[in-house]
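Descriptive analysis of the structure
So you can see what is in the structure, the chains are spelled out below.
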Amino acid sequence: MGKRKYFKPKFEMCFKNGMIMTNFLVTLLTFMLSINVIFSCMNIISKHNFYEESLQDLIGLSQLSRYLILADEIKIENNCIHFKYLDKDMKVDVVNKNLIIQPGTQFVIVNIDYLNFYIENNLLYIEYKRNKNNFKMVITNV
């Protein structure tokens, strides 16, 4: 006589036929954990400031200082500096919240809310405000 077939309980069928389901669940769990780690890293990286505006300001102001050290006839009118550099009339003025050396468009400081040039003790100062932070620096002797 042949073997008799009988009904197998469900838990025995899970062990026999559940291998694919177990592999899928392990893969899904690994994927979810890795997504969590990736988003945590992206959150940390997005909070990091890769562009330091104050360093860029120092570079731009040192370039402006070089122009003004070599310049003749420096005048301040309405928060604008007029000067002669290599026999060319030039000016430093605010255009669209950016401090620019003209002629041309050489940016010195970007995204400024307030700007003031003044002379004190034969020194030319710049005072500006960006994002509620005030800055004051000496540009050159006058």
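These figures come from a predicted structure and were not determined experimentally.

Scoring rules and cut-offs
Residues numbered from 1 in each chain as written. Predicted model: local features only at pLDDT ≥ 70, side-chain atom pairs only at ≥ 80, totals over all residues. Heavy atoms only, no water. Pairing = 2+ DSSP bridges. Helix = DSSP H or I, 4+ residues; strand = E, 2+ residues; numbered from the N terminus. Axes fitted to C-alpha atoms, helices over the stretch in contact; angles between N-to-C directions. Contact = heavy atoms within 4.5 Å. Buried < 20%, exposed > 50% of the residue type's maximum accessible area, 1.4 Å probe, protein only. Polar contact = N/O pair within 3.5 Å; in protein donor to acceptor, adjacent residues only side chain to side chain.

Turning to the sheet that holds strand β2 (residues 80-85), a few remarks are in order. Across the sheet, which stays open at both edges, the five strands sit in the order β1-β2-β3-β4-β5 with antiparallel pairing between neighbours. Each of the sheet's edge strands pairs with one partner strand only, and the pair in question is β1 (72-77) and β5 (106-109). When the angles between neighbouring strand axes are averaged without regard to direction, this sheet yields 20 degrees. Where helix α3 (residues 53-69) meets the sheet, it contacts β1, β2, β3 (88-95), β4 (98-102) and β5, and its direction lies at approximately 115 degrees from that of β5.

Residue position: Asn98 is located in strand β4. We classify Asn98 as buried; its relative accessible area is 14%. At a separation of 3.1 Å, a polar atom in the side chain of Asn98 contacts the main-chain amide nitrogen of Asn111. Sequence-distant contacts of Asn98, defined by excluding residues within four places in its chain, comprise Asp93, Phe107, Ile109, Val110, Asn111 and Ile112.

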